[in-house]
Amino acid sequence: MTGFSASAVGVEAWLASGYCVAVVGLAYVIDALARRAASVSEGGISGGFAYHSDHDAWRCPQDQWLWPQSFDPENRVMRYRGTPAICNACPVKDTCTTSFTGREIQRSIDSWPASEAARFHRGIACAVVILGLVWPLGAALTGPGPDALLVLAVAMVVALLLSVPLWSHLRRNAVFIPEGVVHRSLDEPVAEREAAAPAVARRRSRYGSDRREPGTETAR
């Protein structure tokens, strides 16, 4: 029985092996970009807000806290909100939120990927891994010889082992519902904001002097 000889492995086998391992790295890049985009959309670290698990609260760039307000069991997200009086007086409010009830941030309580959109992007990453196995598998089926076959097999096994974390958490985790938190769907806070919008608009557009009749100004 002769040993392994690298010179007996063709260039195509080496390229196919390197390709399938490199594609796993591409899959991780796709997953990382999707995770970063989700963090930004939730107002996460990239948005200047930092989550503090020891307090279960967010701290904004102006060093103010956003505390838990409600839990949405349908979308499985916790909602955090800043104190309205503080947010409305904040010097950067115009660049932070248009709400007069305080800045709100959502946080998924499930590990990534938890939402349908996140699982969709994780599925894309896993599909990329599978596509990366097509070339070495096809090369192996052409009968390249025992040495090349060994290289291709090792590369595919390494690629599969490296991609194991990507395949995890694709299914929804065990249901966890926080205790002591008000349960509210997404429609409820939206309806409240719409109902409060006319009052806020009147408060912003009218002043006491606007309601005075001409000639009733206080004499100085």
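Residues numbered from 1 in each chain as written. Predicted model: local features only at pLDDT ≥ 70, side-chain atom pairs only at ≥ 80, totals over all residues. Heavy atoms only, no water.

Re a nonpolar patch on the surface
Put simply, the test is: A patch is a set of surface residues, each over 30% in relative accessible area and not in a salt bridge, joined within 9 Å for like charges and within 5 Å for the nonpolar side chains Val, Leu, Ile, Met, Phe, Trp and Tyr. Only the protein chains shown count as cover for residues, and all accessible areas are computed by the Shrake-Rupley method using a 1.4 Å probe. Here, a salt bridge means any Lys or Arg side-chain nitrogen found within 4 Å of an Asp or Glu carboxyl oxygen. Put simply, DSSP marks the helices as runs of H or I at least four residues long and the strands as runs of E at least two long, and each gets a number from the N terminus on. Exposed residues in this analysis have more than 50% of their type's maximum accessible area, buried residues have under 20%, and partly exposed residues fall in between, with area computed by a 1.4 Å probe over protein chains only.
Together, Phe4, Trp14, Val21, Leu150, Val154, Val158 and Leu162 give the surface a local cluster of nonpolar side chains, amounting to about 590 Å² of exposed area. Residue assignment for the nonpolar patch shows that the elements contributing at least two residues are α1 (11-41) and α5 (146-162). The greatest single-element share of the nonpolar patch, amounting to four residues, is contributed by α5. A relative accessible area of 31% places Val21 in the partly exposed class.

Considerations on the packing of aromatic side chains
Here the distance between the centres and the angle between the planes together describe a pair of aromatic rings. Put simply, the test is: Only the six-membered ring of Trp is used, alongside the rings of Phe and Tyr, when aromatic pairs are assigned; centres must lie within 6.5 Å, and planes under 30 degrees apart are stacked while those over 60 apart are edge-to-face, with the rest tilted. By definition here, charges over rings are those cases where NZ of Lys or CZ of Arg is within 6 Å of the ring centre and within 35 degrees of the ring normal.
As enumerated under the stated definition, the model contains five aromatic pairs in all. Taking the centre distance of 5.3 Å and the plane angle of 55 degrees together, the rings of Tyr51 and Trp58 count as tilted. Feature note: the residues Tyr51, Trp58 and Tyr80 constitute an aromatic cluster, connected by ring pairs. We note Lys93 situated over the ring of Phe100; from NZ or CZ to the ring centre the distance is 4.3 Å.

With respect to the confidence of the model for the chain
Under the convention used in this document: Confidence of the prediction at every residue is given by pLDDT, a number between 0 and 100.
Averaged over every residue, the pLDDT of the chain is 79; residues scoring 70 or more account for 75%. Looking at the elements of the chain, mean pLDDT is at its lowest for helix α7 (residues 187-205), recorded as 66, and at its highest for α5, recorded as 91.

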